[in-house]
Amino acid sequence: FDHTILSGHPLVQALPETVHVAHSRWNEVRRADLEASGYDILTEAAGAGVDLFIKQSRNLLVFHQGHPEYDAGTLFREYRRDIQRFLDRTSETYPQAPKNYFEEAEIDLLHGFRERAFAHRDEALLGDLPVTRRATNDNEAVSPMAGVYRAWLLRIATKGKLTVVPRPAPLPRFGGIHP
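Not measured: the values here are computed from a predicted model. For every chain, the first residue of the written sequence is number 1, and numbering continues from 1 onward in sequence order. A pLDDT threshold of at least 70 governs which residues receive local features in this predicted model, and a stricter bar of 80 or more applies before side-chain atom pairs are shown or counted, although totals over entire chains, interfaces and linings include all residues. Side-chain measures here rest on the full set of heavy atoms in the structure, leaving out hydrogens and waters.

Looking at this model, I keep getting lost on the overall build of the chain. Mind explaining?
The way it works is that DSSP assigns letters per residue, a run of H or I at least four long becomes a helix, a run of E at least two long becomes a strand, and they are numbered from the N terminus. Along the backbone of the chain there are five helices and seven strands. Exposure classes here rest on a 1.4 Å probe applied to the protein chains alone. A residue is buried below 20% of its type maximum, exposed above 50%, and partly exposed in between. Relative to its full complement of 179 residues, the chain shows a buried share of 39%. Whether two residues are in contact is decided by their heavy atoms, any of which lying within 4.5 Å being enough. For the chain, contacts bridging at least 24 residues in sequence account for 63% of all contacts bridging at least 6.

This is the structure in structure tokens:
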């Protein structure tokens, strides 16, 4: 999902205007509830909601709803795992494909596989799951969110005296995908 930077907070100052962050499960934390409890919202996405939020306590507390640590293949591997659980009857629910992840042609292949899975529910069918380029891509770019952790660690190391640093040149899209 494309997350928009909502704050000029030093933790997000070095980020590009839009950050791509994967979400693997729907887990809503409502913005109004967070703000009413004293949290500052730093990033948010249409369709995914609040992602990065903070609260100053004794220490600065930093929270993510998404998964900035995911590589380009992580969502595919989770999706494959959940399909396997359906095929081996560990789960009675066939998983939905991750939003904003697969290309249209890949979605068509995966829909065809889903129909086969319902018609012939057997774990051996998993070997026929269409493999996408994301499942085998080992050349991953560093997530722009690494800058958030860098700024947070700098803040800890300097005992909270975080200074504003100039915004660097935009980083390449995380793994060339749109999680």
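What exactly am I supposed to notice about the sheet that holds strand E2 (residues 18-20) here?
The strands making up a sheet associate through backbone hydrogen bonding, with each pair oriented either parallel or antiparallel. Strand order in the open sheet formed by four strands is E2-E1-E4-E5, with antiparallel pairing between adjacent strands. Because the sheet does not close on itself, it has two edges, and the strands there are E2 and strand E5 (49-50). When DSSP locates at least two bridges between a pair of strands, those strands are taken to pair.

Teacher, can you tell me more about the pairing of strand E1 (residues 2-5) here?
Side-chain positions along a regular strand alternate between the two faces of the sheet. Going residue by residue along E1, you find His3 and Ile5 tucked away on one face and Asp2 and Thr4 left uncovered on the opposite face. Pairing of E1 with E2 involves three bridges; the strand directions are antiparallel. Note that in E2 the partner of His3 across the bridge is Val19.

What exactly am I supposed to notice about the packing of helix H2 (residues 74-87) against helix H3 (residues 104-119) here?
For any two helices packed against each other, one specifies the inter-axial angle together with the distance between the axes. Here an axis means a line fitted to C-alpha atoms, over the contact stretch when the element is a helix, while the angle between two N-to-C directions is reported on a 0 to 180 degree scale. Here H2 crosses H3 at 20 degrees, and the two axes come no closer than 11 Å. Viewed along their axes, H2 and H3 adopt a mutual orientation that is roughly parallel. For the crossing formed where H2 meets H3, the hand is right-handed. On H3, the residues that touch Tyr79, Ile83, Phe86 and Leu87 of H2 are Leu110, Phe113, Ala117 and Phe118. Taken together, the residues of the contact of H2 with H3 sort by class into eight nonpolar, no polar and no charged. By definition in this entry, angles of less than 35 degrees are roughly parallel, angles greater than 145 are roughly antiparallel, angles of 65 to 115 are roughly perpendicular, and the rest are oblique. In a left-handed crossing the near helix is turned counterclockwise from the far helix by less than a right angle, and in a right-handed crossing that turn is clockwise. Nonpolar residues are Ala, Val, Leu, Ile, Met, Phe, Trp, Tyr, Cys and Pro. Charged residues are Asp, Glu, Lys and Arg, and all others, Gly as well, are polar.

What's the story with the nonpolar core in this structure? I'm lost.
Side chains of a nonpolar character, in soluble globular proteins, are inclined to be buried together. Within this scheme, the nonpolar core is defined by two criteria: the residues are buried Ala, Val, Leu, Ile, Met, Phe, Trp, Tyr or Cys, and they are joined through side-chain atoms within 4.5 Å. Ile83, Leu87, Tyr94, Phe113, Ala117 and Leu129 are the most contacted members of the largest nonpolar core, which totals 17 residues. Looking at this core, the elements that each hand over two or more residues are H2 and H3. Sorting elements by how many residues they give to this core places H2 first, with six residues. Those residues in contact with Ile83, other than ones at most four positions away along the chain, are Tyr94, Pro95, Phe113, Leu126 and Leu129. With 14 residues, the next largest nonpolar core counts Leu11, Val12, Leu52 and Leu60 among its residues.

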